[in-house]
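# Observations on chain architecture
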Amino acid sequence: MITGHDYSPERPIKRSSMYQYNDNDQILVDERVAQFRRQTEQYLKGEISEDQYRALRLRNGLYVQIHAPMLRIAGPYGLFNSRQLRKLAHIARTYDKNYCHFTTRQNVQFNWPKLEEVPDILEELASVQMHAIQTSGNCMRNTTSDHLAGVCIDEIEDPRPYCEIIRQWTTLHPEFDYLPRKFKIAVSGALHDRAATQFHDVGLHLVKNDAGETGFKVIVGGGLGRTPVIGQVIKPYLEKKHLLSYLEAILRIYNLFGRRDNKYKARIKILVKESGLDKFSALVEQEWQLIRDGNELSNERINAMKAQFVDPAYETDAVLDTGFSEQQQENKAFATWVKHNTATHKIPGYHAVFLSLKAPDSPPGDMTDTQLDAVADLADQYSFGEIRSTHRQNLILADVKQADLFALWQQLDSLKLATPNIGTVTDMICCPGLDFCSLANAGSIGVAKEINEALDDMDYIHDIGDLKINMSGCMNGCAHQSVGHIGILGVDKKGTEWYQITLGGSSENKAAIGERLGPAVAKNQVTKAVTTILAVYVKNRLNDESFLDMVNRVGITPFKEQVYANN
Amino acid sequence: MQIIKDQQIIDDNWSYVADEADLKAGNISVSLARWHQDKARLLSREGKLGVRIGPSDVVAELAPDLNAIQLIELDFPDFADGRSFSQAWLLRGRYHYLGEIRATGHYMTDQVFYLSRVGVNAFNPEKIEDLPIVLANLNDFTVKYQGSIN
């Protein structure tokens, strides 16, 4: 059932500031739904060819997968409000099998919609200011960002206003909707890059220049997938007012000169690589010089957008609460959860809380309708009604008072959302793999489950500390295996599933692509390989040395020797 | 033969002359290669002139001649080849071309809204029965987020 537009006032709770659609934004998504409804009707009547409908449905997030279509919904730079989460729960119940999946690009996927019902789902989404526009297809995709934007302690400037400016600019851009290949933009505003900006087609990093002004460092040509490439700096400092004209210049050069003869060589990273950064930047610079004037972002526009993201009404005395430290002393499990699943907040007395979607018995990133509804209520109760998704497939309540943490933890625990494993070895990124995806060569969820079961000792997991395992079921690398500290890539060898293991990848500031450990291992050997790698680390680390630091120090040989010891 | 120009269905009074065919009377369009090769002959004849460009043609090559050209046809070999969108933008936005820009070939009626936004003002759809669909689809959206040509 379509519930229609809900313009009713929000419930009387203090809201976090999130971009709110104006009339034009609403009209645009409504008209998009009408357009796609018409296109789908024409397709079902045979008036649009399979090929053409494919291009149109992809631009509305609709893939056709092994079992059913898959619908990907945009999570604009990872921000959701409680009303939107309840809508996702409603869609999961009404149109799907009672769950949805959070992706590495802060989006949401439904795995079981019926094609003919997708226009209805999109109409439901539009009623809560959501859409699936350009979440797939060879066009500009959802802009991603730092999941701690606006609340972290190492921020140069809040990236969210710029994300929204980019979201609008990229949405239905008439010139750049039929690009050679997909195009992804990420924005980070903090010292610590939590948005993997060096692995995007364009990465934007808010930086300060010598005069103390804030602008963008522009990185181009990064990407994961089949050919992982670390992006290169094309503009060390771009004034904010030139943000859109510079993006336009990059996109025009890419649209005109990007390769269209081979889809595996069509990303901008190949154009940058084949032209060389110097030649590519010269082309962009020449184009930009011709369009930059008269195409500036005004201060008024920037300030109006910033006003959409002002701080919620923090309580100034939140830090005075004393119960929090007592509760940690009295309850070890709570203290452990606080240590691993919360992040320091810029406001004393507040914490950003991670909700782990990596419970041992649940596929990474999946959430049920019941959990979605419950989290919406918790967000209203404890975090200004806002929920964020992270690129490691977890959720965040970004603004929780320390006095509320204990009660929140108890409720999250009963929802199986409090596994204290954020940033640890069981906080795996994992694609849907062969179980759902028509592209996959190998399963990933089952392997993740097996690894999870083998690592059932939380103390051991915490002792290992910061270790990111990323696992993809095919070369397309949706789970970013090439930047996992341990990367696992499923490949098909004559009809059986094998797994290549890499070590030492990172998507953070010191970006690196993992080095292959050796020959692929059989499916039933993956868990053993992982536990062996962990044992080598535990045995050989120096003091507080992290796994990644140790790999960088000793290389892959000690790991290789043990993993392949019996071969 | 009918096409859409400036949101109206009109009779088309242009014909395209293939590279190996003889030039003929009336309003004709030719390929960019033929334009370069036969420019003097083309300019000395009666009738209006058009050039048909494909996605890999370089629009800048036409820039010095735009005053002599009344029609530019953007020929889509495949609807997925989006270079034509940037070509249209360049013709209008960079070279200030004021004549007719017409989409022809294998594009989708679902692309005409975007094409009109980048400056295409005439549409020769693949199937004649698509003319009313093109007219309707030109109005798919009443709002927009970006400046462009239209």
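What counts and what doesn't
- Residues numbered from 1 in each chain as written.
- Chains lettered and ligands numbered in written order.
- Predicted model: local features only at pLDDT ≥ 70, side-chain atom pairs only at ≥ 80, totals over all residues.
- Helix = DSSP H or I, 4+ residues; strand = E, 2+ residues; numbered from the N terminus.
- Rg over C-alpha atoms; globule rule 2.2 N^0.38 Å.
- Buried ≥ 20, exposed ≤ 12 C-beta atoms within 10 Å, placed from the backbone.
- Contact = placed C-beta atoms within 7 Å.
- Axes fitted to C-alpha atoms, helices over the stretch in contact; angles between N-to-C directions.
- Parallel < 35°, antiparallel > 145°, perpendicular 65-115°, else oblique.
- Left-handed = near helix turned anticlockwise from the far one by under 90°.
- Nonpolar A, V, L, I, M, F, W, Y, C, P; charged D, E, K, R; others polar.
- Pairing = 2+ DSSP bridges.
- Domains from an automatic or database assignment.
- Core = buried A, V, L, I, M, F, W, Y, C linked by C-beta atoms within 7 Å.

### Quick notes on the overall build of chain B
The helix and strand tally for chain B stands at four helices and eight strands. The helix and strand sequence of chain B, counted from the amino end, reads β-β-β-β-α-β-β-α-β-α-β-α. Its C-alpha radius of gyration of 15 Å places chain B within 12% of the 15 Å reference for a compact globule of 150 residues. Here the C-alpha coordinates of chain B stretch approximately 45 × 30 × 25 Å along the principal axes. For chain B, the residues scored as buried account for 38% of the 150 residues in total. Here the contacts in chain B between residues at least 6 apart in sequence split such that 50% fall between residues at least 24 apart.

### Describing the overall build of chain A
A tally of helices and strands in chain A yields 18 helices and 21 strands. A globule of 567 residues ought to have a C-alpha radius of gyration of about 24 Å, and chain A, at 23 Å, matches this closely. Counting only C-alpha atoms and orienting by the principal axes, one finds that chain A spans roughly 60 × 60 × 55 Å. The 567 residues of chain A split such that 55% are buried. Considering only intrachain contacts with a sequence separation of at least 6, the fraction spanning at least 24 residues in chain A is 67%.

### A closer look at the packing of helix H3 (residues 82-95) of chain A against helix H4 (residues 118-126) of chain A
Residues and elements named next belong to chain A. Where H3 contacts H4, the axes come no closer than 10 Å and their chain directions differ by 160 degrees. By the angle between their directions, the pair H3 and H4 is classed as roughly antiparallel. Between H3 and H4 lies a crossing whose hand is right-handed. Contact with H3, carried on its side by Lys87, Ile91 and Tyr95, involves Ile121, Glu124 and Leu125 of H4 and no other residues of that element. For the contact of H3 with H4, the class distribution of residues is four nonpolar, no polar and two charged.

### Concerning helix H11 (residues 332-341) of chain A
Every buried residue of H11(A) is accounted for by Phe334(A), Trp337(A), Val338(A), His340(A) and Asn341(A). Contacts made by the buried residues of H11(A) are with helix H10 (323-330), strand S11 (342-344), strand S12 (350-355), helix H13 (405-414) and helix H15 (458-464) of chain A.

### Quick notes on the sheet that holds strand S15 (residues 395-401) of chain A
Residue and element names in this part refer to chain A. Reading across from one edge, S3-S14-S15-S12-S11 is the order of the five strands in this open sheet, with antiparallel pairing throughout. At either margin of the open sheet sits one strand with a lone partner, and together these are strand S3 (79-81) and S11. For this sheet, the mean inter-axis angle between neighbouring strands, taken without regard to orientation, is 30 degrees. Bridge analysis of strand S14 (residues 386-389) against S15 gives two bridges, and the strand direction is antiparallel. When the bridges of S15 are listed, Arg388 appears paired with Ile396.

### Focus on the packing of helix H1 (residues 23-44) of chain A against H4(A)
Residue and element names in this part refer to chain A. Their axes nearest at 9 Å, the elements H1 and H4 cross at an angle of 175 degrees. Judged by the inter-axis angle, H1 sits roughly antiparallel to H4. Contacts between H1 and H4 pair Val29, Asp30, Val33, Phe36, Arg37 and Thr40 from the former with Val118, Pro119, Leu122, Glu123 and Ala126 from the latter. Partitioning the contact of H1 with H4 into residue classes produces seven nonpolar, one polar and three charged.

### Observations regarding the environment of Tyr95(A)
Residues and elements named next belong to chain A. Along the polypeptide, Tyr95 turns up in helix H3. Taking the C-beta count within 10 Å as the criterion, Tyr95 has 17 such neighbours and is therefore assigned partly exposed. Between the alpha carbons of Tyr95 and Gln39 there is a distance of 20 Å; along the sequence they are 56 residues apart. For Tyr95, the contacting residues outside a window of four places in its chain are Pro113, Glu117 and Ile121.

### Comments concerning the pairing of strand S1 (residues 2-5) of chain B
All names here are of chain B. Two strands pair when backbone bridges link them, and S1 and strand S2 (residues 8-11) are joined in this way by four bridges, in the antiparallel orientation. Among the inter-strand pairings, Gln2 is bridged to a residue of S2, identified as Asp11. With antiparallel pairing between neighbouring strands as the criterion, S1 and S2 make up a hairpin whose turn holds two residues, including Asp6 at a positive phi of roughly 50 degrees. In the sheet, S1 pairs with strand S8 (residues 122-123) via two bridges, with the strands oriented antiparallel. Its bridge partner being in S8, Ile4 is matched across the sheet by Phe123.

### Overview of the interface of chain B and chain A
Chain B puts 22 residues into the contact, and the matching count from chain A is 24 residues. Breaking the side of chain B that touches chain A down by element, the ones donating at least two residues are helix H2 (83-94) and helix H3 (112-117) of chain B. It is H2(B) that provides the largest number of residues to the side of chain B that touches chain A, a total of five residues.

### Description of the domain arrangement of chain A
All names here are of chain A. With domains assigned, chain A is organised as domain 1 (1-135 + 357-417), domain 2 (151-306) and domain 3 (429-563). Of note, the centres of domain 2 and domain 3, computed from C-alpha atoms alone, are 30 Å apart. Of the residues lining the interface, ten residues belong to domain 2; the matching set on domain 3 comes to eleven residues. Here the residues of the side of domain 2 that touches domain 3 are counted per class, giving five nonpolar, three polar and two charged.

### Topic: the nonpolar core
Core analysis: the largest hydrophobic core is formed by 150 residues, its most contacted members being Ile250(A), Leu355(A), Val375(A), Leu397(A) and Ala88(B). The residues that make up this core include at least three from each of domain 1 (1-135 + 357-417) and domain 2 (151-306) of chain A. When residues no more than four places from it in sequence are discounted, the contact partners of Ile250(A) are Val202(A), Val220(A) and Val284(A).

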